[in-house]
Amino acid sequence: MDGIHDLGGRQGFGKVRYTQGATAFHAAWEVRANSLYAHAVRLRIFNMDEYRHAIERMDPRHYLTASYYERSLTSLATLLVEKGVVTREELERRAGGDFPLAAPSAPGRTNAEGRARFRLGDRVRVTQDSVPGHMRLPGYIRGKTGVVVGESPAYPFPDAHAHGVQSEDEPTYDVRFRSGDLWPNSAEPALIHVGVFQSYLEPAG
Amino acid sequence: MDGIHDLGGRQGFGKVRYTQGATAFHAAWEVRANSLYAHAVRLRIFNMDEYRHAIERMDPRHYLTASYYERSLTSLATLLVEKGVVTREELERRAGGDFPLAAPSAPGRTNAEGRARFRLGDRVRVTQDSVPGHMRLPGYIRGKTGVVVGESPAYPFPDAHAHGVQSEDEPTYDVRFRSGDLWPNSAEPALIHVGVFQSYLEPAG
Amino acid sequence: MPDTDRVIQRTASVEERVDAVQAALDERGLKASEAVEELGHLAQETWIPENGARVIARAWIDPEFRKRLLANGREAVAELGLAMPKHHRHLVVLENTAQVQNVICCTLCSCTAFTIIGLPPDWYKDVEYRSRVVRESRTVLREMGLDLPPQVEIRVWDTTADTRYMVLPEQPRGTGGWSEDKLAALVTRDSMIGVARLGAP
Amino acid sequence: MPDTDRVIQRTASVEERVDAVQAALDERGLKASEAVEELGHLAQETWIPENGARVIARAWIDPEFRKRLLANGREAVAELGLAMPKHHRHLVVLENTAQVQNVICCTLCSCTAFTIIGLPPDWYKDVEYRSRVVRESRTVLREMGLDLPPQVEIRVWDTTADTRYMVLPEQPRGTGGWSEDKLAALVTRDSMIGVARLGAP
């Protein structure tokens, strides 16, 4: 989905609030939220793609104003309710207040048909695909051309894996793009490397 | 700028909170905020493109959580400060608290060189242009092809007019796109008409 | 917020912020309070959907006016004494038929021909309408109570320049021979935005 | 919020919400409180940047290890007893040079090789870093204190699949002959993300 989470290249954000050696956690509840979602993954209540997608399905206002671990917590609770482990009513009764959850999921999809295999150095074009469900294609590379510089072992296909749809695992390619091709005349020069699933790629000739 | 305001086609938003015959205003301050910005435009303290751009320059979190008239108010105050009419300190002293303003502006630009004139029925392609300043090109038509169905009288060019840059007025064209061309396989069938400034268009051959 | 180095304090309420701006302008002799009176009256009493309703009713009963309205909206509404701001140089009137439903929006902000069809309601300015109506028009209209037959083509007009749009709804059945005033009373703002059709009275 | 028809009440605090989830899981025999103990310890004591620092130091002093690390990061870190989660099937180590600065990010969420370089700091997960580092990398790095000479090429790696990245910073000058432990103490998490270089000690 073309959701609020797809932030790469969006303009209007301010300075990074950087401090040297900043810590990962600032409060005990953050550690607990992180542990609880990891535990649920370990228990196979949901997988990482379902987890990421439930974060993306948060109301955009909530997504943008929530801290990272509040997003984790919201995804965790949403999936526990959707999987039937617990009801929202119970969570709200226990919490003593409203427990905002993510919006329902749209259908997923399986791998693209007739996907090509690529070798290092191949020129590839990213498809124009957009789906209502989960995908791991950042909008800023859609329709753009780059060069394959790496290949990973096969992974579950996120568009299917986040939705319980059958699919084959497929490799991801590290594809190198020039920032000037991604944002013509409006990016600082750099090489941008993106991990791209095979289903999102076609030969660029 | 590819800012948070560029919402057309973004997914993850919920149902429209529609009620029949909903009123335009819900509180007296909304009417006043609306009148005050309109008054400032009438006094030529700023123009409509500057006004719109200052809304776009709001922090994305603030933009998304503020109501429409809070955005108006923020743009108004930002421009009054930027134009030297009043200081932020005075506004905050009078308001008795923090007065969030929009982020500073980036430079603008003048009209595109060698822009073409089009006639009704011409096929046109939208440029890939993206600029750090103001523009009135929604991201969802970037690089897309459509057909000219209307032409307006000449207007100030927003990319320049929002930044005090010299430019010629130019016509806008009503360009008709097919939703399936804008979002392949992921839009409901419809014709989408967009008012597009001449500088954003080239012949599609 | 971009200004992270500022001292964090309470954010003033919107009312307090409006008061601050108004008072600061007043003190500089810029007559903000007078403007609030005058423009507030215009926004609430003058720029109202009843203007557009008169235009629509006239177009229904006067075929020559309808032609002029479709050819040049700005000049035609001026015949009824209706003005548009200087920066609205062009009014395009979109004719609905049994086969075509036009609907207007503004994905980048919330522009409308407000002097004619009235200032827009909240839902028109909300991020939900702005993001979804261009991509899921049929679903959005259905959720809003307008369930269009599949054969009706939807045309969405995104107000991204200073051209302004208004929808000319179909005249409801069973209103032939009605007076202009009686017809105008049937026309809703939402039908001129294109998210509603007018049923038989 | 999508659920506008619900009764509006106070939103529970994040602490109350975490408590609710933990208690609900515990009651179902899913041992959430034990997991919180165990995984909390791992997150704070085991998955720490000192792991990556050991990897970097070893690569600096052992050219053969460096080769293996660059060829297959996951296998090479296992030599040092370092594990990665099952779904991180691939670790790519990115070699900085005087001419090249690699920097990692995750624009879609906030993925990292957290068992090796530690869980990411807030700024890495914030929308500012995620939106800007791919488009304005040089400016963002400069704002963060890394003002690169113009001839240095920037390579940004966006973690959009389950391949994980870590940056191999250049060994600081004047540290030739240092012990592995002493070298490891120089390596910061931020240098393994690629937003900092290591100065001479």
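Residues numbered from 1 in each chain as written. Chains lettered and ligands numbered in written order. Predicted model: local features only at pLDDT ≥ 70, side-chain atom pairs only at ≥ 80, totals over all residues. Heavy atoms only, no water.

From N to C terminus, chain C includes 11 helices and 4 strands. For chain C, the C-alpha atoms occupy an extent of roughly 65 × 35 × 30 Å along the three principal directions. A buried classification covers 56% of the 201 residues belonging to chain C. Taking as baseline every contact in chain C between residues at least 6 positions apart, the subset at least 24 positions apart corresponds to 67%. For chain C, the exposed surface amounts to about 8,300 Å²; the carbon and sulfur share of it is 50%. (Helix = DSSP H or I, 4+ residues; strand = E, 2+ residues; numbered from the N terminus. Buried < 20%, exposed > 50% of the residue type's maximum accessible area, 1.4 Å probe, protein only. Contact = heavy atoms within 4.5 Å. Areas by Shrake-Rupley, 256 points an atom, 1.4 Å probe, with all protein chains shown as cover.)

On to the interface of chain C and chain B. Contact with chain C, which involves 82 residues of that partner, is made by 90 residues of chain B. Across the chain C to chain B interface the summed buried area is about 7,300 Å²; carbon plus sulfur atoms make up 56%. Joining chain C to chain B, the criterion identifies 9 salt bridges. A salt bridge links Arg17(C) to Glu70(B); the nearest nitrogen and oxygen atoms lie 3.1 Å apart. Joining chain C to chain B, the criterion identifies 39 residue pairs in polar contact (both at pLDDT 80 or more). (Buried area = accessible area lost by both parts, 1.4 Å probe. Salt bridge = Lys/Arg side-chain N within 4 Å of Asp/Glu carboxyl O. Polar contact = N/O pair within 3.5 Å; in protein donor to acceptor, adjacent residues only side chain to side chain.)

What follows is about the relation of the copies chain A and chain B. Mapping chain A onto chain B is achieved by rotating through 180° and translating by 0.0 Å along the same axis, at an RMSD of 0.0 Å. The operation mapping one copy onto its partner corresponds to a two-fold rotation axis. Looking at the rotation axis and the C-alpha trace of chain A, the residue lying nearest is Arg61(A), at 3.7 Å. Comparing contact sets, 100% of the residues at the interface of chain A also lie at the interface in chain B, consistent with an isologous, same-surface contact. (Least-squares fit on C-alpha atoms with pLDDT ≥ 70 in both.)

Moving on: the sheet that holds strand E2 (residues 100-105) of chain D. As summarised here, the arrangement of the 7 strands in space is E5(A)-E1(A)-E2(A)-E3(A)-E4(A)-E3(D)-E2(D), forming an open sheet in which the pairing is mixed. Strand pairing shows two members of the sheet lacking a second neighbour, strand E5 (201-203) of chain A together with E2 of chain D, which therefore form its edges. Ignoring strand direction, the axes of neighbouring strands in this sheet form an average angle of 35°. Summarising the sheet, strand E2 (residues 145-155) of chain A and strand E3 (residues 170-178) of chain A pair through 6 bridges and their orientation is antiparallel. Residue pairing for E3(A): Tyr155(A) is matched across the bridge by Glu170(A). (Pairing = 2+ DSSP bridges. Axes fitted to C-alpha atoms, helices over the stretch in contact; angles between N-to-C directions.)

Further remarks concern the sheet that holds strand E3 (residues 153-158) of chain C. Across a sheet, strands are paired by hydrogen bonds formed along the backbone, either parallel or antiparallel in direction. The 7 strands lie next to each other as E5(B)-E1(B)-E2(B)-E3(B)-E4(B)-E3(C)-E2(C), forming an open sheet whose pairing is mixed. Every interior strand has two partners, whereas the edge strands, strand E5 (201-203) of chain B together with strand E2 (100-105) of chain C, have only one. Neighbour-to-neighbour, the strand axes of this sheet turn through a mean angle of 40°, independent of strand direction. Relative to strand E3 (residues 172-178) of chain B, strand E2 (residues 145-151) of chain B is paired through 4 bridges, and the arrangement is antiparallel. Its bridge partner lying in E3(B), Val148(B) is registered against Val175(B).

What follows deals with the packing of aromatic side chains. Going through the model one piece at a time under the given rule, you end up with 30 aromatic pairs over all chains. Taken together, a centroid distance of 5.1 Å and an interplanar angle of 75° make the contact between Tyr18(A) and Trp123(D) edge-to-face. Of this pair, Tyr18(A) sits in the segment before helix H1 (28-42) while Trp123(D) is found in helix H7 (residues 122-125), placing the two residues in two different chains. Trp123(D) matches Tyr18(A) in its accessibility class, with the two residues each being buried. A centroid spacing of 3.9 Å and a plane angle of 0° characterise the contact between Tyr37(A) and Tyr51(A), whose relative ring orientation is stacked. Pair noted here: Tyr37(A) is in helix H1 and Tyr51(A) is in helix H2 (residues 48-56), with a separation of 14 residues, a long-range link. (Phe/Tyr/Trp six-rings, centres within 6.5 Å; stacked < 30°, edge-to-face > 60°.)

Contacts between the two partners involve 24 residues from chain A and, on the opposite side, 24 residues from chain B. Summed over both partners, the interface of chain A with chain B buries about 2,200 Å², with 49% contributed by carbon and sulfur atoms. Considering only the side of chain A, the residues that lose the most area to chain B are Arg10(A), Gln11(A) and Arg61(A), jointly responsible for 28% of the buried surface there. Counting across the chain A and chain B interface gives 0 salt bridges. In this assembly, chain A and chain B are joined by 5 residue pairs in polar contact (both at pLDDT 80 or more). By residue class, the composition of the side of chain A that touches chain B is 10 nonpolar, 8 polar and 6 charged. (Nonpolar A, V, L, I, M, F, W, Y, C, P; charged D, E, K, R; others polar.)

Attention now moves to unusual backbone geometry. Backbone geometry at Asn185(A) places phi at a positive 60°, although glycine is not the residue there. Its place among the elements puts Asn185(A) in the loop between helix H7 (179-182) and strand E4 (191-197).

The interhelical angle for the contact between helix H1 (residues 28-42) of chain B and helix H1 (residues 14-27) of chain C, taken along N-to-C directions, is 40°, at an axis separation of 10 Å. The angle between the axes of H1(B) and H1(C) places the two elements in the oblique class. Helix-helix and strand crossings are classified by hand; for H1(B) and H1(C) the assignment is left-handed. Facing H1(B), whose interface residues are Trp29(B), Arg32(B), Ala33(B) and Leu36(B), H1(C) presents Val14(C), Glu15(C), Val18(C), Asp19(C), Val21(C), Gln22(C) and Leu25(C). Classifying every residue of the contact of H1(B) with H1(C) by side-chain character gives 7 nonpolar, 1 polar and 3 charged. (Parallel < 35°, antiparallel > 145°, perpendicular 65-115°, else oblique. Left-handed = near helix turned anticlockwise from the far one by under 90°.)

So, about the domain arrangement of chain A. Residues and elements named next belong to chain A. Taken domain by domain, chain A consists of domain 1 (1-105) and domain 2 (123-203). Taking the mean C-alpha position of each, domain 1 and domain 2 sit 24 Å from one another. Taken together, the contact between domain 1 and domain 2 spans 12 residues of the former and 17 residues of the latter. Buried surface at the junction of domain 1 and domain 2, both sides included, amounts to about 1,100 Å², of which 40% is carbon and sulfur. Our enumeration of links across domain 1 and domain 2 arrives at 1 salt bridge. As a salt-bridge pair, arginine 142 and aspartate 2 come within 3.0 Å of each other at their nearest N and O atoms. Our count for the contact surface shared by domain 1 and domain 2 stands at 9 residue pairs in polar contact (both at pLDDT 80 or more). Among the residues forming the side of domain 1 that touches domain 2, the class breakdown is 1 nonpolar, 5 polar and 6 charged. (Domains from an automatic or database assignment.)

Our focus in this paragraph is the pattern of salt bridges. Inspection of the entire model under this criterion finds 74 salt bridges over all chains. Taking the shortest distance from any N to any O, the salt bridge between Glu27(C) and Arg94(B) comes out at 2.9 Å. Of this pair, Glu27(C) sits in helix H1 while Arg94(B) sits in helix H5 (residues 88-95), placing the two residues on different chains. We classify Arg94(B) as partly exposed; its relative accessible area is 28%. It is possible to trace a salt-bridge network through shared partners that takes in Arg17(A), Asp59(B), Arg61(B), Asp126(D) and Glu128(D).

With that settled, the discussion passes to the side chain of Arg61(B). Turning to its location among the elements, Arg61(B) is positioned in helix H3 (residues 60-65). The class of Arg61(B) is buried, set by a relative accessible area of 16%.

Take the domain arrangement of chain C next. One frequent convention defines the size of an interface as the accessible area lost when the parts assemble. Segmenting chain C into domains produces domain 1 (14-45) and domain 2 (48-193). For domain 1 of chain C and domain 2 of chain C, the distance between their C-alpha centres works out to 31 Å.

Moving on, we come to the pairing of strand E1 (residues 90-95) of chain D. All names here are of chain D. The buried fraction of E1 amounts to 5 of the 6 residues, a majority that puts the element mostly inside the structure. Summarising the sheet, E1 and strand E4 (residues 163-168) pair through 6 bridges and their orientation is parallel. Bridging from a neighbouring strand, glutamate 95 pairs with leucine 168 of E4.

Residues and elements named next belong to chain B. Looking at where arginine 176 falls in the secondary structure, it is placed in strand E3. Taking the C-alpha atoms as reference points, arginine 176 and valine 148, 28 residues apart in sequence, are found 6.3 Å from one another. Those residues in contact with arginine 176 that lie beyond four places of it in its chain are Gly146, Val147, Val149, Leu191, Ile192 and His193.

All names here are of chain A. With 15 residues, helix H4 (residues 68-82) should reach 21 Å at 1.5 Å per residue; the first-to-last C-alpha distance of 21 Å fits that figure. The element H4 is extensively covered by neighbouring structure, given that 12 of its 15 residues are classed as buried. Those residues of H4 not exposed but buried are Tyr69, Glu70, Arg71, Ser72, Leu73, Thr74, Ser75, Leu76, Ala77, Thr78, Leu79 and Leu80. Phi turns positive one or two residues past the end of H4, at glycine 84, with a value near 80°. (Expected span 1.5 Å × (residues − 1).)

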